[in-house]
Amino acid sequence: PGAQVQLYRTSDRTIQLAGQYELLSQKSRPLGLSVAVSIEGLSNFGLSEVPEPPPLHEFSPAVSLVLSRKLGARGAVYAVPYWVGNTRINPSAPGTEDDTLVLGLGARLRLTRTMYVVGEYNPRLAGYKGDLGSGDSSPLASFGVEWRVGGHAFQINFSNALGTTPAQVARGQQGADDWVIGFNLSRKFY
């Protein structure tokens, strides 16, 4: 009870292995508290050839605390401070930081029995600030609509960057000031 194991692969061939454990339940407390750890690897976790030029680091560990607060039966808010190592993949980027401290802020609102609106904002608090010429890039922000069908969750989302793993989110928006549309599918096994 309270434990999760996750395996996640993105379309750019990043693989994330993660685990999460609930330390405190909100049942008799004002907040829920979990700890999560993960490691992600580029190029199918190093199992396929690394594209040229090779990144400075292929693996990025992360540690986070997940603070949650349910708002009745329809909503929830989250605060997730987390540290991510090896976030710099461009060795010529400005600055010398290679780790990032991020504060993830999120919310979920249930509209119907199976449909939710979700959103998140991830400002970087310290460390690596991005690869753009100014030495800084915008924090990753996204919102979406999610449908739950049995153990599946289907999500259509809009974001200012393509990142979904801790290291990708910590890198922030790395290109033009554009928004993109995405689709996520997840499955929960009991």
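Thresholds applied
- Residues numbered from 1 in each chain as written.
- Predicted model: local features only at pLDDT ≥ 70, side-chain atom pairs only at ≥ 80, totals over all residues.
- Heavy atoms only, no water.
- Patch = residues over 30% accessible without salt bridge, like charges linked within 9 Å, V, L, I, M, F, W, Y side chains within 5 Å.
- Areas by Shrake-Rupley, 256 points an atom, 1.4 Å probe, with all protein chains shown as cover.
- Salt bridge = Lys/Arg side-chain N within 4 Å of Asp/Glu carboxyl O.
- Helix = DSSP H or I, 4+ residues; strand = E, 2+ residues; numbered from the N terminus.
- Buried < 20%, exposed > 50% of the residue type's maximum accessible area, 1.4 Å probe, protein only.
- Phe/Tyr/Trp six-rings, centres within 6.5 Å; stacked < 30°, edge-to-face > 60°.
- Lys NZ or Arg CZ within 6 Å of the ring centre and 35° of its normal.
- pLDDT = per-residue confidence, 0-100.
- Polar contact = N/O pair within 3.5 Å; in protein donor to acceptor, adjacent residues only side chain to side chain.
- Core = buried A, V, L, I, M, F, W, Y, C linked by side-chain atoms within 4.5 Å.

Engineer: Could you clarify how one ought to interpret a nonpolar patch on the surface in this entry?
Structural biologist: A cluster of nonpolar side chains, namely Phe143, Trp147, Ile156, Phe158, Trp179, Ile181, Phe183 and Leu185, defines an oily patch on the protein surface of about 830 Å² accessible area. For the nonpolar patch, the elements supplying multiple residues, two or more each, are strand E9 (140-149), strand E10 (152-159) and strand E11 (180-187). Ranked by residues supplied to the nonpolar patch, first place goes to E11 with three residues. Of note, Ile156 is situated in strand E10. Under the relative-accessibility criterion, Ile156 is labelled partly exposed at 33%.

Engineer: Would you mind showing me how to read the packing of aromatic side chains here?
Structural biologist: To describe a pair of aromatic rings, one takes the distance between the centres and the angle between the planes. Taken as a whole, this structure holds two aromatic pairs when the rule is applied. Taking the centre distance of 6.1 Å and the plane angle of 45° together, the rings of Phe143 and Trp179 count as tilted. Note that Phe143 is positioned in strand E9 and Trp179 in the loop between helix H2 (166-171) and E11, a separation of 36 residues in sequence. Within the aromatic cluster, the residues linked to one another by ring pairs are Phe143, Phe158 and Trp179. Across the ring face of Tyr116, the terminal group of Arg108 is positioned such that the distance to the ring centre comes to 5.3 Å. Over the aromatic face of Tyr116 sits the side chain of Arg148, whose NZ or CZ is 5.5 Å from the ring centroid.

Engineer: In this structure, what is going on with the confidence of the model for the protein? I would like to understand it.
Structural biologist: Regions with low pLDDT should not have their predicted coordinates read in detail. In this model, the protein carries an average pLDDT of 85, and 85% of its residues clear a pLDDT of 70 or more. At the level of individual helices and strands, the protein shows its lowest average pLDDT in helix H1 (residues 42-46), which scores 75, and its highest in strand E5 (residues 75-84), which scores 97.

Engineer: What exactly am I supposed to notice about the side chain of Asn160 here?
Structural biologist: Mapped onto the elements of the fold, Asn160 is located in the loop between E10 and H2. Within the structure, Asn160 has its side chain in polar contact with the backbone oxygen of Pro139 (distance 2.9 Å). Side-chain polar atoms of Asn160 contact the backbone nitrogen of Ala141, separated by 2.9 Å.

Engineer: Sorry if this is basic, but what is going on with the nonpolar core here?
Structural biologist: A general tendency of soluble globular proteins is for nonpolar side chains to be buried together. In terms of nonpolar packing, the biggest core is built from 11 residues, these being Ala62, Val66, Val80, Tyr82, Val84, Val102, Leu140, Ala161, Ala167, Val169 and Ala170. Of all the secondary-structure elements, those providing two or more residues to this core are strand E4 (59-71), E5 and H2.

Engineer: Sorry, what's going on with the pattern of salt bridges here?
Structural biologist: Side chains bearing opposite charge may pair, as long as their charged atoms lie close to each other. Taken as a whole, this structure holds two salt bridges when the rule is applied. Measuring nitrogen to oxygen at the nearest pair gives 2.8 Å for the salt bridge that ties Glu146 to Arg108. One end of the pair, Glu146, is in strand E9; the other, Arg108, is in strand E6 (residues 100-110), and 38 residues separate them in sequence. Close ionic contact of Arg148 with Glu146 constitutes a salt bridge, the shortest N to O distance being 2.9 Å. Connected through shared salt-bridge partners, Arg108, Glu146 and Arg148 make up one network.

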